[in-house]
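An overview of the molecular structure
Listed below are the residues making up each chain.
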Amino acid sequence: MAANKIKIIYTGGTIGMVRNADGSLSLLQEPDDLLASLPELHQLADIEFEVISNIDSSDMTAAHWLRLAAHIRNADAQGDSNGYVILHGTDTLPYTASALSFLLAGLRKPVVITGSQIPLCAVRTDARTNLIDAVELATHDIPEVSVLFNSKLMRGNRVQKVSINRYHAMHSPNYPYLAELGLRVEVRRDNILRKVKSFPATGFSSAVACLQLFPGFDLELLRAYDACQAIILRGFGPGNVPQDQRLFAWIEGMIARGSVVALTSQATLGSIDLSIYGGSRRALALGVLSCHDMTIETCIVKMMLLLGSCATKAEAEELFCSSLVGELTTEI
Ligand code: ASP
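Note that the structure is predicted; figures quoted are calculated from it, not measured.

Some thoughts on the overall build of the protein
Each helix and strand in the protein was counted, giving 8 helices and 16 strands. Seen through its C-alpha atoms, the protein measures out along the principal axes to roughly 65 × 45 × 35 Å. In the protein, which comprises 332 residues, the proportion classed as buried is 54%. Nonlocal contacts in the protein, meaning residues at least 24 apart in sequence, comprise 71% of its contacts between residues at least 6 apart. Per element, the accessible surface of the protein, about 14,600 Å² overall, is 51% carbon and sulfur.

Focus on the site of the ligand
Surveying the vicinity of the ligand reveals the residues Gly 13, Thr 14, Asp 56, Ser 57, Gly 89, Thr 90, Asp 91 and Ser 116. Between Thr 14 and the ligand, the recorded distance is 2.9 Å, taken from a backbone N or O atom to an oxygen atom. Backbone polar atom of Ser 116 to an oxygen atom of the ligand: 3.3 Å apart, as the coordinates give it. Computed on the free molecule, the ligand has an accessible area of 270 Å², of which 91% lies beneath the protein chains in the complex.

Concerning helix α8 (residues 313-320)
Within α8, burial applies to Ala 316, Glu 317, Leu 319 and Phe 320. Taken down its axis, α8 places every buried residue within 170° of arc, on the same side. Its buried side turned inward, α8 meets β15 (260-265), β16 (289-290) and α7 (296-309).

Observations regarding the packing of aromatic side chains
Summed over the entire model, instances satisfying the criterion amount to 4 aromatic pairs. With 5.1 Å between their ring centres and 70° between their planes, Trp 65 and Phe 204 make a pair best called edge-to-face. One end of the pair, Trp 65, is in helix α2 (residues 62-77); the other, Phe 204, is in the loop between β12 (185-187) and β13 (208-212), with 139 residues separating them in the sequence. One exposure class covers both Trp 65 and Phe 204, and it is buried. With a centroid separation of 5.4 Å and an interplanar angle of 80°, the aromatic rings of Phe 214 and Phe 217 are classed as edge-to-face. Taking relative accessible area as the criterion, Phe 214 reaches 46% and is therefore assigned partly exposed. The positively charged end of Arg 155 is found above the aromatic ring belonging to Tyr 175, 4.3 Å away from the centroid.

Observations concerning the pairing of strand β1 (residues 5-12)
Within β1, 7 of the 8 residues are buried, which leaves the element mostly enclosed by the surrounding structure. Where β1 lies against strand β4 (residues 46-55), 7 bridges are found, and the strand directions are parallel. Across the sheet, residue Ile 6 finds its bridge partner in β4, namely Ile 47. Looking at chain direction, β1 and strand β5 (residues 83-87) are connected through 5 bridges and run parallel. Bridge pairing in β5 places Ile 6 opposite Gly 83.

Cut-offs applied
Residues numbered from 1 in each chain as written. Predicted model: local features only at pLDDT ≥ 70, side-chain atom pairs only at ≥ 80, totals over all residues. Heavy atoms only, no water. Helix = DSSP H or I, 4+ residues; strand = E, 2+ residues; numbered from the N terminus. Buried < 20%, exposed > 50% of the residue type's maximum accessible area, 1.4 Å probe, protein only. Contact = heavy atoms within 4.5 Å. Areas by Shrake-Rupley, 256 points an atom, 1.4 Å probe, with all protein chains shown as cover. Near = heavy atom within 4 Å. Polar contact = N/O pair within 3.5 Å; in protein donor to acceptor, adjacent residues only side chain to side chain. Arc of directions from axis to C-beta. Phe/Tyr/Trp six-rings, centres within 6.5 Å; stacked < 30°, edge-to-face > 60°. Lys NZ or Arg CZ within 6 Å of the ring centre and 35° of its normal. Pairing = 2+ DSSP bridges.

As structure tokens, then:
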């Protein structure tokens, strides 16, 4: 028997689906035997398999993230596993990976999330390799929440889903891989998380919105977002916005009412710099926050978490702009 004990937690997603005659995919009725076709996993570790939910990841909510994190914390308190592998649908996997990176801060165990583009039961599936690689990496000393996809291990809160139909479905635009699997397993020690900042993580606010600006956007529509506790605006390039008084007046009103306004970009590579262009400079002077080089998924999840957990808006704003668990590059 292999020495390492790895707990595999199934949540649902394509990895455990079956294809119907019309080409559509449905969730397996009984996922408990999902791993029966992969006996070789037991050569890598002593495996325990659990089903925590059986849903398409489009149905994930903040309540699922909290439940998953509590489940892992409890299991860890009993000290029965060296590492965890989570099987998850790919569609919202980056949001869950980001949420767990915050909720499991300080766990000091590998938590590797994976899924697949093709169900495990299909001949040309990518699930088999992803699962084997995820279990392999969960036995290594990589104590953070990560995502394994297509032979690459990435920091969980740096990942985005970039492809609907390629095996390379996940990418980490602004942070290098933690490991790559080829003929050998190459762990990039220098990229592994070393420092965690302390922050409260008790719940998530549901009053956070994200709005993509575009040329010709009717700025009168901004009023529909007045009740939000926070809004993340996806501007242009390094975070620029149109120089329109209606936008600035709205931002000013939001901030005066105690809401948070943060600016990010529609470009995914690189970091926000609000000091370059006129529009973003004015927004900055009004008190908007910069999302730096965080992914949009992480901006949303982190804002939900901080507004749902911090005692004051000032604390939430200060923490939003800091690196808590390696989700933001501080020296660029
Ligand atoms: N709809 C699926 C899900 O996210 C897609 C997948 O797993 O690839 O659950």
